[in-house]
Amino acid sequence: MWTRLLESLTRPAETHDVLRPEVFLHRRRPEDVVIDVRTPEEFAQGHLEGAINLDLMAPDFPEKIARLDPNRTYYLYCRSGNRSGQAARLLRERGLEAYNIGGLEELARAGAPIVR
(Lines give C-alpha, C1' and ligand atoms only; values in the text may rest on other atoms or scores of the structure.)
Protein backbone atom coordinates (compact mmCIF):
# COMPACT_ATOMS: atom_id res chain seq x y z
CA MET A 1 0.00 0.00 0.00
CA TRP A 2 2.71 2.52 0.97
CA THR A 3 4.66 1.71 -2.19
CA ARG A 4 1.68 2.60 -4.39
CA LEU A 5 1.07 5.81 -2.45
CA LEU A 6 4.73 6.82 -2.77
CA GLU A 7 4.67 6.04 -6.51
CA SER A 8 1.57 8.18 -7.03
CA LEU A 9 3.17 11.11 -5.19
CA THR A 10 6.44 10.94 -7.11
CA ARG A 11 4.95 10.27 -10.54
CA PRO A 12 5.11 13.22 -12.98
CA ALA A 13 1.95 15.32 -12.85
CA GLU A 14 1.05 14.60 -16.48
CA THR A 15 0.44 10.92 -15.82
CA HIS A 16 -2.34 11.42 -13.26
CA ASP A 17 -3.43 14.95 -14.03
CA VAL A 18 -6.29 14.36 -16.47
CA LEU A 19 -9.78 14.68 -15.10
CA ARG A 20 -11.93 12.03 -16.78
CA PRO A 21 -14.62 13.48 -19.07
CA GLU A 22 -17.42 11.90 -17.02
CA VAL A 23 -16.09 13.55 -13.87
CA PHE A 24 -15.83 16.92 -15.63
CA LEU A 25 -19.41 16.66 -16.92
CA HIS A 26 -20.66 15.85 -13.42
CA ARG A 27 -18.60 18.58 -11.69
CA ARG A 28 -18.94 21.47 -14.11
CA ARG A 29 -20.89 24.44 -12.75
CA PRO A 30 -22.28 27.35 -14.81
CA GLU A 31 -19.72 29.76 -13.33
CA ASP A 32 -16.74 27.57 -14.31
CA VAL A 33 -14.66 28.49 -17.36
CA VAL A 34 -13.87 25.98 -20.10
CA ILE A 35 -10.79 26.83 -22.16
CA ASP A 36 -9.83 25.29 -25.49
CA VAL A 37 -6.06 25.76 -25.83
CA ARG A 38 -5.89 24.72 -29.50
CA THR A 39 -5.29 27.10 -32.40
CA PRO A 40 -8.13 29.36 -33.59
CA GLU A 41 -8.35 27.22 -36.75
CA GLU A 42 -8.81 24.04 -34.70
CA PHE A 43 -11.33 25.81 -32.47
CA ALA A 44 -13.37 26.90 -35.52
CA GLN A 45 -13.65 23.26 -36.68
CA GLY A 46 -15.45 22.29 -33.46
CA HIS A 47 -15.27 23.02 -29.75
CA LEU A 48 -17.11 22.41 -26.50
CA GLU A 49 -20.23 24.46 -26.11
CA GLY A 50 -19.44 27.58 -24.06
CA ALA A 51 -15.66 27.21 -24.36
CA ILE A 52 -13.35 30.14 -24.92
CA ASN A 53 -10.25 29.86 -27.09
CA LEU A 54 -6.84 30.73 -25.61
CA ASP A 55 -4.17 29.30 -27.93
CA LEU A 56 -1.36 27.87 -25.81
CA MET A 57 1.13 28.49 -28.63
CA ALA A 58 0.19 32.16 -29.12
CA PRO A 59 2.85 34.64 -27.97
CA ASP A 60 0.33 36.44 -25.75
CA PHE A 61 -0.85 33.31 -23.88
CA PRO A 62 1.03 34.26 -20.66
CA GLU A 63 -0.53 37.74 -20.71
CA LYS A 64 -4.01 36.32 -21.21
CA ILE A 65 -3.76 33.84 -18.35
CA ALA A 66 -2.38 36.58 -16.09
CA ARG A 67 -5.76 38.34 -16.49
CA LEU A 68 -7.86 35.31 -15.50
CA ASP A 69 -10.04 35.62 -12.40
CA PRO A 70 -8.42 33.75 -9.48
CA ASN A 71 -11.87 33.07 -8.00
CA ARG A 72 -13.02 30.87 -10.89
CA THR A 73 -12.39 27.21 -11.73
CA TYR A 74 -10.85 26.46 -15.12
CA TYR A 75 -11.22 23.32 -17.23
CA LEU A 76 -8.81 23.03 -20.17
CA TYR A 77 -8.81 20.74 -23.17
CA CYS A 78 -7.15 20.37 -26.57
CA ARG A 79 -7.00 17.63 -29.21
CA SER A 80 -5.22 14.95 -27.21
CA GLY A 81 -4.74 16.34 -23.69
CA ASN A 82 -1.07 17.22 -24.08
CA ARG A 83 -1.32 20.98 -24.63
CA SER A 84 -4.13 21.27 -22.10
CA GLY A 85 -1.93 19.49 -19.54
CA GLN A 86 0.83 22.03 -20.12
CA ALA A 87 -1.62 24.92 -19.92
CA ALA A 88 -3.30 23.62 -16.76
CA ARG A 89 0.10 23.37 -15.10
CA LEU A 90 0.85 27.00 -16.06
CA LEU A 91 -2.45 28.17 -14.58
CA ARG A 92 -1.86 26.24 -11.36
CA GLU A 93 1.62 27.79 -11.10
CA ARG A 94 -0.20 31.15 -11.03
CA GLY A 95 -2.37 29.92 -8.17
CA LEU A 96 -5.49 29.20 -10.23
CA GLU A 97 -7.70 26.14 -9.83
CA ALA A 98 -7.22 24.43 -13.19
CA TYR A 99 -7.91 20.95 -14.52
CA ASN A 100 -6.84 19.19 -17.68
CA ILE A 101 -9.94 17.47 -19.07
CA GLY A 102 -8.13 15.85 -22.01
CA GLY A 103 -9.03 15.68 -25.68
CA LEU A 104 -12.08 16.96 -27.54
CA GLU A 105 -13.08 13.65 -29.13
CA GLU A 106 -12.95 11.85 -25.79
CA LEU A 107 -15.15 14.59 -24.29
CA ALA A 108 -17.59 14.26 -27.19
CA ARG A 109 -17.82 10.48 -26.70
CA ALA A 110 -18.67 11.11 -23.03
CA GLY A 111 -21.58 13.33 -24.04
CA ALA A 112 -20.13 16.83 -23.90
CA PRO A 113 -22.01 19.12 -26.31
CA ILE A 114 -19.86 20.13 -29.30
CA VAL A 115 -20.38 23.21 -31.47
CA ARG A 116 -19.37 22.59 -35.10
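Residues numbered from 1 in each chain as written. Predicted model: local features only at pLDDT ≥ 70, side-chain atom pairs only at ≥ 80, totals over all residues. Heavy atoms only, no water.

### So, the nonpolar core
Counting residues in each nonpolar core, the largest one holds 16 residues, and the members touching the most others are I35, V37, F61, L68, Y74, L76 and L91. When residues of this core are traced back to their parent elements, those giving at least two are strand 1 (33–36), helix 4 (61–66), strand 4 (73–78) and helix 5 (82–93). Not counting chain neighbours up to four residues away, the residues in contact with L68 comprise I35, L54, Y74, L91 and L96. Counting 12 residues, the second-largest nonpolar core is a separate cluster that includes F24, L48, I101 and A112. (Core = buried A, V, L, I, M, F, W, Y, C linked by side-chain atoms within 4.5 Å. Buried < 20%, exposed > 50% of the residue type's maximum accessible area, 1.4 Å probe, protein only. Helix = DSSP H or I, 4+ residues; strand = E, 2+ residues; numbered from the N terminus. Contact = heavy atoms within 4.5 Å.)

### Here we look at the pattern of salt bridges
One pass over the full model with this rule turns up 8 salt bridges. Residues D60 and K64 are paired through a salt bridge, measuring 3.5 Å at the closest nitrogen-oxygen approach. Note on D60: relative accessible area 26%, which makes it partly exposed. Residue classification places K64 among the partly exposed positions, given a relative accessible area of 30%. Close ionic contact of R116 with E105 constitutes a salt bridge, the shortest N to O distance being 3.9 Å. With a gap of 11 residues between them, R116 in the segment after strand 6 (114–115) and E105 in helix 6 (residues 104–109) connect regions that are remote in the sequence. Looking at R116, the relative accessible area reads 64%, which means it is exposed. For E105, a relative accessible area of 43% gives the class partly exposed. One connected set of salt bridges, linked through shared partners, spans R29, E31 and D32. (Salt bridge = Lys/Arg side-chain N within 4 Å of Asp/Glu carboxyl O.)

### Considering the pairing of strand 5 (residues 97–103)
Counted residue by residue, strand 5 has 5 buried out of 7 residues, so it is predominantly covered. Where strand 4 and strand 5 come together, 5 bridges link them in parallel fashion. Bridging across to strand 5, L76 finds its partner in N100. For the handedness criterion, the β-α-β arrangement of strand 4, helix 5 and strand 5 is classed as right-handed. (Pairing = 2+ DSSP bridges. Right-handed = clockwise from strand over helix to strand, strands pointing away.)

### Description of the packing of aromatic side chains
Applying the stated criterion to the full structure yields 2 aromatic pairs. Put simply, the rings of F24, Y75 and Y99 pair up and form one aromatic cluster. Here the guanidinium or amino end of R27 rests over the ring plane of Y99, the centre of that ring lying 5.1 Å away. (Phe/Tyr/Trp six-rings, centres within 6.5 Å; stacked < 30°, edge-to-face > 60°. Lys NZ or Arg CZ within 6 Å of the ring centre and 35° of its normal.)

### Overview of the sheet that holds strand 4
Read across the sheet, 4 strands follow the order 3-1-4-5 without closing on themselves; strand pairing throughout is parallel. With partners counted over all chains shown, the strands left at the sheet margins are strand 3 (52–53) and strand 5, one partner each.

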